[in-house]
Amino acid sequence: MSPTRNPTIIFVSATQGIPVPGEHLVYRQDITIDLDNEPLNGGILTKTVALGIDRWLSMRMVYEYKPNTPVLGCGIGVVLRSESPKFQVGDHVETRNYPFAPYAVLSEAAGPIRVLKNDAGLPWTAYVGVLGLAGETAWVGYRAYTEAKKGETIYVSTGAGGVGSVVCQLAKAEGLRVIASAGTDSKVEFLKEIGVDVAFNYKKQDIGTILKENGGIDIYWDHVGGKTLETVMGCMNKYGRIVICGIASQYSLPREEWHGNKSFILALVKNLTINGFIISDTIARFGDFDFESEVTKLVKEGKMKFREEPSDQLEDAMKMLGDCLVGANEGKGVIVFS
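Residues numbered from 1 in each chain as written. Predicted model: local features only at pLDDT ≥ 70, side-chain atom pairs only at ≥ 80, totals over all residues. Heavy atoms only, no water.

Peer 1: Honestly, the overall build of the chain in this entry has me stumped. Any pointers?
Peer 2: Along the backbone of the chain there are 10 helices and 18 strands. Each principal axis of the C-alpha distribution contributes one length, and for the chain these read about 70 × 45 × 35 Å. Here the chain holds 338 residues, and the buried ones make up 51% of them. Sequence-distant contacts in the chain: of pairs separated by 6 or more residues, those separated by 24 or more amount to 67%. Surface accessibility of the chain: about 15300 Å² in total, with carbon and sulfur atoms responsible for 52%. Of the side chains in the chain, 35 bear a positive and 40 a negative charge, and the two mean positions are spaced by 6 Å. (Helix = DSSP H or I, 4+ residues; strand = E, 2+ residues; numbered from the N terminus. Buried < 20%, exposed > 50% of the residue type's maximum accessible area, 1.4 Å probe, protein only. Contact = heavy atoms within 4.5 Å. Areas by Shrake-Rupley, 256 points an atom, 1.4 Å probe, with all protein chains shown as cover. Lys, Arg positive; Asp, Glu negative; His and termini not counted. Charge placed at Lys NZ, Arg CZ, Asp CG, Glu CD.)

What follows is the structure, encoded as structure tokens:
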């Protein structure tokens, strides 16, 4: 068979700011692959089904990716050829080291690969979102660190995002009062749709004022860090818990410009518990709390809602990553292949 076109998103160089298409990331259309003869070296050849756009890609650009290599992220593919007894032709597989390209050679040496059964018949895109890294991060982090009790109040920043929206719905289902913020009115409407008790646009309303008007909070699920974390610590109730899942406000800043938290003494005065976490380390420590089976059931029953922003153009992934980092997206970014 003659070589098949395999255009690929290539990482060129890291940036402390928002990656610029054509500068930090490029869409290479000249790359090809021989589907019959490409060496697999004990791995598998897959045809891509879906790729997820996640904030963590920007961190991998700084600390992990090597220049002039494919961008790697959460992806799903169907197996075309296999040299591994674990994977059969026709299997749908998921990995968090999936090259951003229509075809890929995958190996467990580069990271875990799992077979997706999808007995529930859900859209495959769910497995790079609510049933993938975002949902797993929310579910496991919430179970491991919030120590949530019915009747308590939780505040979730970036509440309409892939992680935040799962945390909001989980907390609401367990009888908590849920406060959540987002940066656009349409995202605030989505928060109301998923049952958030107090949803507000943090660009229009003061975070500290809203939290104090609602009696303070017992749990803060933090996605942004910086000045927001400083403000929220001043609104925490005694013995409150803070779960640091991300620091979006600081990602694009050089280290010398990172925000210094002037409220940190309150961790002592209010007996606060603060946990930052990396999902892989947390799962290694606590397990995954039956994530896939439990959340699959919730999604199938319509009890866990999610919102996607799909594109069928691979090159859109570069802009979608930038949009994700500045909050310009309206749903979980997904690249879908036919």
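What follows picks up the thread again.
Peer 1: Explain the packing of helix α2 (residues 133-145) against helix α3 (residues 162-173) here, please?
Peer 2: Describing two packed helices takes the angle between their axes plus the distance from one axis to the other. Remark: α2 packs on α3, axes separated minimally by 8 Å, with the N-to-C direction vectors making an angle of 45°. Considering the angle they form, α2 stands oblique to α3. The handedness of the crossing between α2 and α3 comes out as right-handed. In contact with A134, G135, T137, A138, W139, Y142 and R143 of α2, α3 contributes G162, V163, V166, V167, L170 and A171. Tallied by class, residues from the contact of α2 with α3 come to nine nonpolar, three polar and one charged. (Axes fitted to C-alpha atoms, helices over the stretch in contact; angles between N-to-C directions. Parallel < 35°, antiparallel > 145°, perpendicular 65-115°, else oblique. Left-handed = near helix turned anticlockwise from the far one by under 90°. Nonpolar A, V, L, I, M, F, W, Y, C, P; charged D, E, K, R; others polar.)

Peer 1: What's the story with the sheet that holds strand β6 (residues 69-70) in this structure? I'm lost.
Peer 2: Within a sheet, neighbouring strands are paired by backbone hydrogen bonds and run either parallel or antiparallel to one another. Spatial strand order, β3-β2-β6: three strands in an open sheet with antiparallel pairing. Here the strands that pair on one side only, and so sit at the sheet edges, are β3 (25-28) and β6. Examined bridge by bridge, strand β2 (residues 8-11) and β3 share four bridges and lie antiparallel to one another. Paired with F11 across the strands is L25, a residue of β3. (Pairing = 2+ DSSP bridges.)

Peer 1: What am I meant to see in unusual backbone geometry here?
Peer 2: Residues apart from glycine generally show negative phi values, whereas peptide bonds are mostly found in trans. Its identity is not glycine, yet Y239 carries a phi of approximately 65°, on the positive side. Looking at the element boundaries, Y239 is found in strand β15 (residues 236-244). Residue classification places Y239 among the exposed residues on the basis of a relative accessible area of 51%. The phi torsion at D290 lies on the positive side, around 55°, for a residue other than glycine. As for its placement among the helices and strands, D290 is situated in the loop between α8 (279-286) and α9 (291-300).

Peer 1: How should the state of the cysteines be read in this particular structure?
Peer 2: Between two cysteines, a covalent bond joining their sulfur atoms is known as a disulfide. Overall, the coordinates contain zero disulfides when judged by the stated rule. With no disulfide of its own, C168 lies 12 Å from the sulfur of C245, the closest cysteine sulfur. The class for C168 is buried, based on a relative accessible area of 1%. Summary of cysteine pairing: C324 is not part of a disulfide, and the nearest cysteine sulfur, belonging to C74, is at 12 Å. (Disulfide = S-S within 2.5 Å.)

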